[in-house]
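# Reading the structure
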Amino acid sequence: MARVAVIGAGYVGIVVATSLAHIGHRVVVGERDSERIKLLESGDPVIHEPRLEELLKGALSSGTISFTPDNRVAVDRADVVFLALPTPSDAGGSADVSAIYGALEELASTLSPTSVVVTKSTVPVGENERIAAFLASKGCQASVVSNPEFLQEGSAVEHFLNPDRIVIGGEDPEAVRRVMDLYRTLPGLRLSLTDTATAELVKYASNAFLAMKIAFINEIADLCTAAGADVLKVAEGMGMDDRIGLKFLRPGPGYGGSCFPKDTQALVHIGNTYGADQSIVRAVVASNEGHKEHVVRRVAAELGGLAGKRLGLLGVAFKAGTDDIRESPALSIAGALAAGGARVSMYDPQAAVPEEMNVSQSASWEEAVAEADAVLILTEWPQFSAISPAELADLMAGTLLFDTRNILDPEAVVAAGLQYLGMGRV
Ligand code: UDX
């Protein structure tokens, strides 16, 4: 059992802290938002993740997790200190690491020389080295280790407790060993031990590659639509080659979320910084933006223009199973449709439309599609897969259904008297 501090109770911090407490460590979480601390201390995990509430309540009752607004209290006598602070994109697309250095400024004088500082946040290549230099400049001898996370929203706890791999980058073997030890009870552990720069790059390269797979199949889907081919069969045929794999070849309205958009832009910026142009990732970023615009153009073309048209959009979240709307393609598509003069209503079982958008949020899918000239399915909620095309047809004024997630049966939709537009389906 180790004494662990986790700085930052955001999406990653809460999952990491709760899971480490669950596997037997003593965790203290530093979080400056006292409202969030109150919720967490009451057993409310604040974010929606399967099993998270159960693990948090278990850790609270066994006393293996606690929370404090004072980061110095959190790191006091900690063997390992995880930095789980937000590193959002700045205006130029690079990662903004100011929250990391704000915390280090506050902690440098408190950290014991035997503490290991672990960067869990996604930071640019070379940042861990700069963090170590910053701490040394403040007279702090703590070692710095990179331990990027690969958590997927909706299965974060599962991914933490059964990771594909654990990547640990560090120049101090003893510090690397101490971080390794934290995970030793996890089943079937696959470890990749590297230097810090390599560990940082594994994270960016992994996310960029996954984003590329999605952008690739989305472009193939657009070709399938034009050529009368079936993208689901193309993806199946491709994926049977285990060098390609079936996963992340589901076409959709474009990728979103808090990571892919941020990390692809940051990787392009990192490439520019080092004079190693990441032209493929740059193309992925452009392709994803273009794909969302293509969705809007297809709707406008089918309707003969957007002005005055009533549109029902099903889905707000960036993917099913979460209320997270960060970089959601549904929202950028809704905004573009509204800007084109359409009257847009949206429904989502969990996610909320930002107040400032010129879009109304309906209380049910039926309300969102009522009297609509066209309906778009933008998030693959199971509730939308269960929609009866006949009921949908009765509620709509028009007949156009654009199923950007390919979750409905085209034949059943056409049989109900609607026009079916899929994403790469005939
Ligand atoms: C991603 C990575 O999967 C995870 O490893 C990393 O740590 C964080 O970023 P996440 O952003 O939670 O996780 O969502 P993910 O399930 O990867 O989906 C990202 C986006 O791609 C979503 O908008 C999703 O709808 C889209 N997507 C995903 C597709 O359009 N098609 C697919 O086949 C898979």
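Presented here is a report on the structure given in the accompanying data block.

Basis of the calculations
- Residues numbered from 1 in each chain as written.
- Predicted model: local features only at pLDDT ≥ 70, side-chain atom pairs only at ≥ 80, totals over all residues.
- Heavy atoms only, no water.
- Phe/Tyr/Trp six-rings, centres within 6.5 Å; stacked < 30°, edge-to-face > 60°.
- Helix = DSSP H or I, 4+ residues; strand = E, 2+ residues; numbered from the N terminus.
- Buried < 20%, exposed > 50% of the residue type's maximum accessible area, 1.4 Å probe, protein only.
- Near = heavy atom within 4 Å.
- Polar contact = N/O pair within 3.5 Å; in protein donor to acceptor, adjacent residues only side chain to side chain.
- Areas by Shrake-Rupley, 256 points an atom, 1.4 Å probe, with all protein chains shown as cover.
- Nonpolar A, V, L, I, M, F, W, Y, C, P; charged D, E, K, R; others polar.
- 1 Å grid on protein atoms, 1.4 Å probe; cavity = no way out; pocket = protein on both sides within 12 Å on 5 of 7 lines; lining within 4 Å.
- Points joined across faces, edges and corners; volume = space filled by probe spheres on them.

### Describing the packing of aromatic side chains
Between two aromatic rings, the relevant description is the distance of the centres plus the angle of the planes. Evaluated as defined, the whole model comprises five aromatic pairs. For the pair Tyr101 and Phe134, a centre-to-centre distance of 5.2 Å together with 80 degrees between the ring planes defines the contact as edge-to-face. Remark: Phe134 occurs in helix α6 (residues 127-137) and Tyr101 occurs in helix α5 (residues 98-107); sequence separation between them is 33 residues. A single burial state applies to Tyr101 and to Phe134, both of which are buried. Judged by centre distance (6.0 Å) and plane angle (45 degrees), the rings of Phe160 and Tyr183 are tilted.

### What about the site of the ligand?
Around the ligand sit 18 residues, and of these Leu151, Glu153, Arg250, Lys319 and Arg405 come closest. At 3.0 Å, a side-chain N or O of Lys203 approaches an oxygen atom of the ligand. One of the backbone nitrogen or oxygen atoms of Phe318 is found 3.0 Å away from an oxygen atom of the ligand. Across the complex, the protein chains shield 96% of the 660 Å² of accessible surface that the ligand would expose by itself. Per-class residue counts for the shell around the ligand are nine nonpolar, three polar and six charged.

### Some details on empty space enclosed by the protein
Where empty space is left can be seen by rolling a probe of water-molecule size over the atoms. Taken as a whole and assessed by the stated rule, the structure comprises two cavities of 30 Å³ or more. Roughly 60 Å³ of internal volume is contained in the largest cavity. Here the lining of the largest cavity gets three residues from one element, more than from any other, and that element is helix α9 (residues 196-227). Its volume calculated, the second largest cavity comes out at about 30 Å³. Along its surface, the second largest cavity is lined by Arg3, Val4, Ala5, Arg26, Val28, Ala74, Asp76 and Ala78. It is strand β1 (residues 3-7) that provides the largest number of residues to the lining of the second largest cavity, a total of three residues. Among the residues making up the lining of the second largest cavity, the classes are represented as five nonpolar, no polar and three charged.

### Focus: the environment of Ser388
Examined against the element boundaries, Ser388 turns out to sit in the loop between α15 (382-385) and α16 (389-395). Classification of Ser388 as partly exposed rests on a relative accessible area of 27%. Considered as a pair, Ser388 and Val413 are 25 residues apart in the sequence and their alpha carbons are 8.5 Å apart.

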